[in-house]
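These are the residues of each chain, in order.
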Amino acid sequence: YSKERMEQDVATARSLGAKVIVMYLHDGVEKDIKPSRRQTAAANEAAEAGVDAIIMSHSHSIEPMEKRTVTVDGVEKTVFIAYSLGNFMSSAIHSESLNNIILNLDFSYDLDQDRLTSINASYVLTYTYNYYNDNKIMTFSVVPLQQALADFSMVDARTRYKQDRFQAAYDKILKRLG
């Protein structure tokens, strides 16, 4: 990560006509559940440079998400920040790497006013589980937790995990996200 390079990339994207800028940064401390000082500094710098949404990963753990109001070039705007969405799919055995989020961002842009008017975020909480398939090969599945809890039959019966583990993961993620 380079602040100067990021600022240059944002300026270039705007000069080429970009209406919305999303920055993806691979940063964070593995297994941490809170953003590091370096992550928050990068998010602050990107927001001040005019980035509209900042998505980070590397911690392999879910970290907070936030919307923040900043002033860029004298205009107030909302910035969305996700410090880490988890790991999505992993053979890691620590529980943090099994809890994940699929993020959906909806940007509303007013072409008449030439400005981004809102960013709405929603997400699907997921859990990665594994099992050995019929060929004795470890297989991974990413399941939407809410659906799996409503109908556990969608989870392959060959997994060693039971529904209480999925419920605990769901509760843990919700608690972390607030």
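Structure's up top.
Sequence order as written defines residue numbering, which begins from 1 separately in each chain. Local features are withheld for residues below a pLDDT of 70 in this predicted model, meaning they are given only at 70 or higher, and side-chain atom pairs are given and counted only at 80 or more; totals for whole chains, interfaces and linings count all residues. Calculation of side-chain values draws on the structure's entire complement of heavy atoms; hydrogens and water are dropped beforehand.

Asker: Describe the pattern of salt bridges, naming the residues involved and giving the relevant values.
Answerer: Any Lys or Arg side-chain nitrogen located within 4 Å of an Asp or Glu carboxyl oxygen qualifies as a salt bridge. Tallied over the full model, the rule gives nine salt bridges. Across the pair Glu 7 and Lys 3 runs a salt bridge whose closest N-O atoms are separated by 3.9 Å. Placement of the pair is Glu 7 and Lys 3 together in helix α1 (residues 3-15), with a separation of four residues, close to one helical turn. Buried residues are those whose accessible area, probed at 1.4 Å on protein chains only, stays under 20% of the maximum for their type, while exposed residues exceed 50% and partly exposed ones sit between those limits. Of the residues examined, Lys 3 reaches a relative accessible area of 33% and is grouped as partly exposed. Across the salt bridge formed by Asp 52 and Lys 77, the nearest N and O atoms sit 2.5 Å from each other. On the criterion of sequence distance, the pair formed by Asp 52 in the loop between α2 (37-49) and β2 (53-58) and Lys 77 in strand β4 (residues 75-82) is long-range, its members being 25 residues apart. Of the two residues examined, Asp 52 and Lys 77, each falls in the buried class. Each of Arg 14, Asp 52 and Lys 77 takes part in a single network of salt bridges with overlapping partners. Helical segments are the DSSP runs of H or I of at least four residues, strand segments are the runs of E of at least two, and each set is numbered from the N terminus.

No statement about biological role is implied by the geometric values presented.
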